[in-house]
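# Structural features, examined
So you can see what is in the structure, the chains are spelled out below.
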Amino acid sequence: MSATITTSSQANGNVSAATAQAAAQAAATTADKTPQTTMAKALNTALLDAMAAEKTVLVFGEDVGKLGGVFRITDGLNATYGEQRCFDTPLAESGIVGMAVGMAMNGMRPVIEMQFDAFAYPAFEQIFSHVAKMHNRTRGAVKLPMVIRVPYGGGIGGVEHHCDSSEAYYAHTAGLKVFTPATVADAYRMLREAIDSPDPVVFMEPKKLYWSKEPVDLDALRRHYDSEKTAGRSSEGKAVVARAGTDATLIAYGPSVPTALAAAAAAAAEGRSLEVVDVRSIVPFDDETVAASVRKTGRAVVIAEAQGFVSVSSEIVARLQERCFHYLAAPIRRVTGFDVPYPAPKLEHYYLPGVDRILDAVDDLQWED
C-alpha cells in the first residue's frame, strides 16, 4: 500500500522541510518496490479474504464458478472454497437476487454478481421491493447483509446491454447503500466493508478500471484493513481529496475519477490549480468533505459518465447549492454523458466525459481574468 506524504511545513507541524522531503523520498522508493496490482486482482483478493474470514460469505451468479466470471473477478473462488460457497446460477437475474434475499434473511452473507450493468434490470423489482425495504418493513427485525456487484460504465467498447451507468436507480432507492471505487486500494477496502455491512450494498465496479494498475501491496492492505476493523474504523460514507488544489473543485466518482485527475494535471500545466474529490460512497454521501472543498475553492464541476438529467450529478449539484451558495463565485457546472442511450462502441468516445470537455467547463466558471 503506497503512502501519501505531505511536505508542507504547515501540514507536518514541527517537522523540518528536510525531514519531510526525506520521508517523501523514502515513500517513493517503497512505492517503486511495491508490485503493480490491478483493480481486478484487488477485488478478487477481497472476495477470497472475506470468504476466509467469515464462513457465511458465499458468492454466486452467472459464470462466476469455474470460469471465474466474465472479468475473472471470481477466479479461484470455486477451486478454493468449493461448489457450496461459489457456484453458477441459471441466467435469471431476478432469481439470483431472490435467492440471495432468502439466504441473507437466514444468516448468510451472499455476494452476487450481475455480470453487466444492463443485465441487472430484470432483477430491479426484487431489489426495489424486497432488498431495499425488508429492514424497514420488519421494523429492523430482519437485516439483509448482502452485496450486489454490478460492473458498470463505458470505456470498454461494449455492445448494447453491456455498457450503462445505472447508479442513479440504486441511489434513488431508499434502503440501499451504493459504493463505487476508483482506485485499487479502495476496491479492496470498500468491497470488504460492503461484505461486512449489515445492510444491503450495491457495489458498482467501473469496468474500464478493472485492468488499471497501481503500486499496492495486498498483504499490507489486508493487514491494514484487519487492524482498522478491529479498531472499529471504516471509510464507509467518506469521500477523499484525490488531488489538492485551490482554484476550483472537480467532483467525480468511479470511472470518472481518473479522467478528472487527468484534467487537473492538464490544467496545472496551464497554471490553474484544480482540486479533485473522489466521492467513493454515493450512498451514504459525504456532504462534509465535498462541501468543504467547494467552500475553499469557490468553483466546482461535477463529472459523471451517466446522463445528466435526474442523475447523481444533479443531486450533488443541488446539495452543494444548498450548502455552499454564499461561497460560490460561479454556478456549478456538470460534465456528463448525454441524455441519450449509451452509444455504439465506435461513438462511445463522443459520449463519455473527457479532459477537453472538463477543461471547457472549468474555463466557463466566470473567471474575472
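This report concerns the structure included in the present document. (Residues numbered from 1 in each chain as written. Predicted model: local features only at pLDDT ≥ 70, side-chain atom pairs only at ≥ 80, totals over all residues. Heavy atoms only, no water.)

### Describing the pairing of strand β14 (residues 333-337)
- Two elements, strand β13 (residues 300-307) and β14, share four bridges in a ladder whose sense is parallel. From the neighbouring strand, V302 faces β14, where its bridge partner is R334.
- Remark: the β13/helix α12 (residues 312-324)/β14 crossover connection has right-handed handedness. (Pairing = 2+ DSSP bridges. Helix = DSSP H or I, 4+ residues; strand = E, 2+ residues; numbered from the N terminus. Right-handed = clockwise from strand over helix to strand, strands pointing away.)

### Considering the pattern of salt bridges
- Enumeration according to the criterion identifies 19 salt bridges in this entry.
- Here D117 makes a salt bridge to K207, at a shortest N to O gap of 2.7 Å. With D117 in the loop between β4 (109-113) and α5 (124-131) and K207 in the loop between β7 (201-206) and β8 (213-215), this pair connects stretches of sequence that are 90 residues apart. Of the two residues examined, D117 and K207, each falls in the buried class.
- Two residues, R319 and E315, come together in a salt bridge whose shortest N-O distance is 2.9 Å. (Salt bridge = Lys/Arg side-chain N within 4 Å of Asp/Glu carboxyl O. Buried < 20%, exposed > 50% of the residue type's maximum accessible area, 1.4 Å probe, protein only.)

### Re the side chain of K177
- Within the secondary structure layout, K177 lies in strand β6 (residues 177-179).
- For K177, a relative accessible area of 13% translates into the label buried.
- Polar side-chain contacts of K177 include one of 3.0 Å to the side chain of S197.
- Each residue touching K177, except ones within four places of it in the same chain, is listed here: S197, D199, P200, V201, V202, E236, V283 and P284. (Polar contact = N/O pair within 3.5 Å; in protein donor to acceptor, adjacent residues only side chain to side chain. Contact = heavy atoms within 4.5 Å.)

### Some points on empty space enclosed by the protein
- On inspection of all chains with the given rule, the structure shows one cavity of 30 Å³ or more.
- Of the volumes computed, that of the largest cavity is approximately 30 Å³.
- In this structure, the largest cavity is lined by F179, M190, E193, S235, E236, G237 and S281.
- Split by residue class, the lining of the largest cavity holds two nonpolar, three polar and two charged. (1 Å grid on protein atoms, 1.4 Å probe; cavity = no way out; pocket = protein on both sides within 12 Å on 5 of 7 lines; lining within 4 Å. Points joined across faces, edges and corners; volume = space filled by probe spheres on them. Nonpolar A, V, L, I, M, F, W, Y, C, P; charged D, E, K, R; others polar.)

### So, the layout of surface pockets
- In this model, the second largest pocket occupies a volume close to 540 Å³.
- Along its surface, the second largest pocket is lined by 26 residues, and A168, Y169, V310, S311 and V312 are the ones closest to its centre.
- Elements supplying a minimum of two residues to the lining of the second largest pocket: α5, α7 (167-171), β12 (281-283), β13 and α12.
- Tallying contributions element by element places α12 first for the lining of the second largest pocket, with five residues.
- In the lining of the second largest pocket, the residues fall into 15 nonpolar, seven polar and four charged.

### Regarding the nonpolar core
- In this structure, I112, M114, M146, I251 and L320 are the most contacted members of the largest nonpolar core, which totals 47 residues.
- Among the elements of the structure, β2 (57-61), α4 (93-105), α5, β5 (147-152), β7, α11 (287-297), β13 and α12 are those that each provide at least two residues to this core.
- Once residues lying within four places of it in the same chain are set aside, the contact partners of M146 are V97, A100, V101, A104, P110, I112, V131, D199, P200 and V201.
- Core analysis: the next-biggest nonpolar cluster, separate from the first, contains 35 residues, F179, I195, L218 and Y225 among them. (Core = buried A, V, L, I, M, F, W, Y, C linked by side-chain atoms within 4.5 Å.)

### What to know about the environment of R243
- Of note, R243 is situated in strand β9 (residues 240-243).
- Judged by its relative accessible area of 30%, R243 is partly exposed.
- In the structure, R243 is positioned 95 residues away from I148 in sequence and 30 Å away in space, judged by C-alpha atoms.
- When neighbours within four sequence positions are excluded, R243 is seen to be in contact with L261, A264, A265, A268, L274, E275 and V276.

### Here we look at the side chain of E275
- Within the secondary structure, E275 is located in strand β11 (residues 274-278).
- A distance of 2.7 Å separates polar atoms of two side chains, one belonging to E275 and the other to S293.
- Excluding anything up to four places from it in sequence, E275 contacts V241, R243, A244, G245, A248, T249, L250, S293 and K296.

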